[in-house]
Amino acid sequence: MIYLDNAATTKPCESAVRGVVKGLELFGNPSSLHKCGLDAELLVSGAREAVAQSLGCTADEIFFTSGATESSNTAIFGAFKSQGKRKKRVVTTTVEHPATARPVDELERLGCEVVRVSPDDNGEITAHDIFAAVNDDTFLVSVMLVNNETGAVLPVQKAFSMIKKKYPHVITHCDCVQGYMKLPVKTKTLCADLISLSGHKIYAPKGIGALYVRKGLHIPPLLFGGGQEKNMRSGTESVPLICGFGEAVKALSGSVAQNLEKVRELEAYFFEKCAENEDITVNYRSDTKSPYVNSISVRGLRSEVLLHFLEQQGIYVSSGSACSKGKKSSVLQQFRIPVQALDSTIRVSFGIDNTKADVDELMKALTLAGEQLAKVK
Ligand code: PLP
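Residues numbered from 1 in each chain as written. Predicted model: local features only at pLDDT ≥ 70, side-chain atom pairs only at ≥ 80, totals over all residues. Heavy atoms only, no water.

(A) Region of interest: the overall build of the protein. In terms of regular secondary structure, the protein is built from 13 helices and twelve strands. For a compact globule of 377 residues, the expected C-alpha radius of gyration is about 21 Å, and the protein comes in at 21 Å, within 12% of that figure. Dimensions of the protein along its principal axes, counting C-alpha atoms only, are 65 × 50 × 35 Å. Within the protein, the proportion of its 377 residues that are buried is 58%. Taking the contacts inside the protein whose residues are at least 6 apart along the sequence as the reference set, 73% of them involve residues at least 24 apart. (Helix = DSSP H or I, 4+ residues; strand = E, 2+ residues; numbered from the N terminus. Rg over C-alpha atoms; globule rule 2.2 N^0.38 Å. Buried < 20%, exposed > 50% of the residue type's maximum accessible area, 1.4 Å probe, protein only. Contact = heavy atoms within 4.5 Å.)

Spelled out as structure tokens, the structure:
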């Protein structure tokens, strides 16, 4: 199997699997006062420390959730409940993942004024465009770091630092799901008050994520109950998943830069090979993009037909993004990808174990697809 759909999810690494097993074996409830509880609590606090260290923040700024969707919902509705009564404007972009876009739509339904900044004719969103959309009535700015369909890196750091200088009370949220443990993400430089993270994109299990909440910022929780996670996220902690997440983070820590370099080389090789096939167009290129996520179109072939053809060759990619489930992606349209290319788009997303040989196999299969599949106009 050649797995090139790492932006949809990744295969849990051995350390993560061992972490999950350890969390199952030490089965106590972290809230229990006896030794079983304490052992489980130690696993949770070890994982919290690992995530905190990876972001350069303190452990008490990390709250475990069921994934980035919950983290972003907590951030967005939390910001609304804490400030949205007095202020009305939310600034975001037109290229966010649904985990951010849908809760923001809901705020609009509740009466907020939402400004969605879209890419310019070159498919770029500038820090200035984001900053210019903020005014005195703004309480939340939510911008993703890496787009999950194109790999575009948004100028979050620059935009948030400009915003914080002029509007220090605006809450800044960043969906870092496709950037975390792939690019150097640090809380100090990002200028984000809230950061959403997901485990299953970084070789940890599904159903676990985290929300970073800057010390000093108080937002109400989404879930009320037993008061776990210092009242930020009630519900008995999933010790196995948290432990698996922590172990995946530890396994990657220290090799983020080295992995980035390796995947950059792989991306360059992939683009070189794409240029050799005149039916293939690389949909989004930029010096600043993440090499982990790549969008291409194959002339005359429908994405889904191509996806299943590749699957028969043992190669796994996605059409657009996994969340769009075959629908024409509005996000790709926002990046100015021509309408005729949308039907033929596939996303090739690399993981740290992919090799040039995997790219060679993909390219061979794409050539075969061009020869064997019926072309559409
Ligand atoms: N944000 C981005 C950019 C994503 O790619 C994803 C998952 O595809 C999410 C948020 C949602 O993450 P989770 O599956 O942990 O809820």
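(B) The arrangement of the sheet that holds strand 7 (residues 194-198) in detail. Taken in spatial order, the seven strands of this open sheet run 2-8-7-6-5-3-4, and their pairing is mixed. What marks the edges here is a single partner per strand, and that holds for strand 2 (62-65) and strand 4 (113-117). Direction aside, the axes of adjacent strands within the sheet are offset by 20° on average. Relative to strand 6 (residues 171-175), strand 5 (residues 138-142) is paired through three bridges, and the arrangement is parallel. By the bridge assignment for strand 6, Ser 142 is matched with His 173. In this fold helix 2 (residues 35-55) packs onto strand 2, strand 7 and strand 8 (209-213), with an angle of close to 120° to the strand it touches most, strand 2. Contacting strand 3 (89-93), strand 4, strand 5 and strand 6, helix 4 (residues 98-109) runs over the sheet at an angle of about 145° to strand 4. (Pairing = 2+ DSSP bridges. Axes fitted to C-alpha atoms, helices over the stretch in contact; angles between N-to-C directions.)

(C) Focus on the site of the ligand. The immediate surroundings of the ligand are formed by 13 residues, with Thr 69, Asp 175, Gln 178, Ser 198 and Lys 201 found nearest. The separation between an oxygen atom of the ligand and a polar side-chain atom of Gln 178 is 2.8 Å. Contact with the protein chains covers 87% of the free accessible surface of the ligand, which is 390 Å². Grouping the amino acids of the shell around the ligand by side-chain chemistry returns four nonpolar, seven polar and two charged. (Near = heavy atom within 4 Å. Polar contact = N/O pair within 3.5 Å; in protein donor to acceptor, adjacent residues only side chain to side chain. Areas by Shrake-Rupley, 256 points an atom, 1.4 Å probe, with all protein chains shown as cover. Nonpolar A, V, L, I, M, F, W, Y, C, P; charged D, E, K, R; others polar.)

(D) Just the nonpolar core, in detail. Formed by 99 residues in total, the largest nonpolar core has its most connected members in Phe 245, Phe 270, Ile 296, Leu 362 and Leu 366. Contact partners of Leu 362, with chain neighbours within four places excluded, come to Leu 4, Phe 270, Leu 310, Ile 315, Val 317 and Val 348. Formed by 20 residues, the second largest nonpolar core is a distinct cluster that contains Ile 76, Phe 80, Val 90 and Met 232. (Core = buried A, V, L, I, M, F, W, Y, C linked by side-chain atoms within 4.5 Å.)

(E) Representation of the packing of helix 9 (residues 256-275) against helix 13 (residues 356-372). At a closest axis distance of 10 Å, the pairing of helix 9 and helix 13 adopts a crossing angle of 25°. Relative to helix 13, the element helix 9 lies roughly parallel. Between helix 9 and helix 13 lies a crossing of right-handed hand. Of the residues in helix 13, those touching helix 9 at Leu 266, Tyr 269, Phe 270, Lys 273 and Cys 274 are Lys 356, Val 359, Asp 360, Leu 362 and Met 363. A breakdown of the residues in the contact of helix 9 with helix 13 according to their chemical character gives seven nonpolar, no polar and three charged. (Parallel < 35°, antiparallel > 145°, perpendicular 65-115°, else oblique. Left-handed = near helix turned anticlockwise from the far one by under 90°.)

(F) Quick look at the packing of aromatic side chains. In this structure the tally under the stated criterion is six aromatic pairs. Ring geometry for Phe 270 and Phe 350: centres 5.8 Å apart, planes at 85°, overall edge-to-face. Taken together, the positions of Phe 270 in helix 9 and Phe 350 in the loop between strand 12 (345-349) and helix 13 put the pair 80 residues apart, joining distant regions of the chain. Assigned by exposure class, Phe 270 and Phe 350 land together as buried. Residues Tyr 284 and Phe 335 carry aromatic rings whose centres are separated by 5.4 Å and whose planes lie at 70° to one another, so their mutual orientation is edge-to-face. Of this pair, Tyr 284 sits in the loop between strand 9 (280-282) and strand 10 (293-298) while Phe 335 sits in the loop between helix 11 (330-334) and helix 12 (339-342); the two residues are 51 residues apart in sequence, bridging distant segments of the chain. For the pair Tyr 284 and Phe 335, one class covers both residues: buried. Cation over ring: Lys 182 sits above Tyr 292, and NZ or CZ is 5.7 Å from the ring centre. (Phe/Tyr/Trp six-rings, centres within 6.5 Å; stacked < 30°, edge-to-face > 60°. Lys NZ or Arg CZ within 6 Å of the ring centre and 35° of its normal.)

(G) Broad picture of the sheet that holds strand 12. Sheet architecture is open: three strands sit in the order 9-10-12, paired in antiparallel fashion. Of all strands in the sheet, those bounded by a partner on one side alone are strand 9 and strand 12. Across the sheet, the axes of successive neighbouring strands diverge by a mean angle of 30°, strand direction being ignored. Bridge analysis of strand 9 against strand 10 gives three bridges, and the strand direction is antiparallel. The residue bridging Ile 280 from the neighbouring strand is Val 298, located in strand 10. Across the sheet, helix 9 is in contact with strand 9, strand 10 and strand 12; its angle to strand 10 comes to roughly 5°.

(H) Seen up close, the pattern of salt bridges. Taken as a whole and assessed by the stated rule, the structure comprises 19 salt bridges. For Asp 39, the salt bridge goes to Lys 35, with nearest N and O atoms at 2.9 Å. Here Asp 39 and its partner Lys 35 are both found in helix 2, four residues apart, which amounts to about one turn of the helix. Classification of Lys 35 by relative accessible area gives exposed; the value is 59%. Its salt-bridge partner being Glu 106, residue Arg 109 comes within 2.8 Å of it at the nearest N-O pair. One end of the pair is Arg 109 and the other is Glu 106, both in helix 4 and three residues apart, which spans about a single turn. (Salt bridge = Lys/Arg side-chain N within 4 Å of Asp/Glu carboxyl O.)

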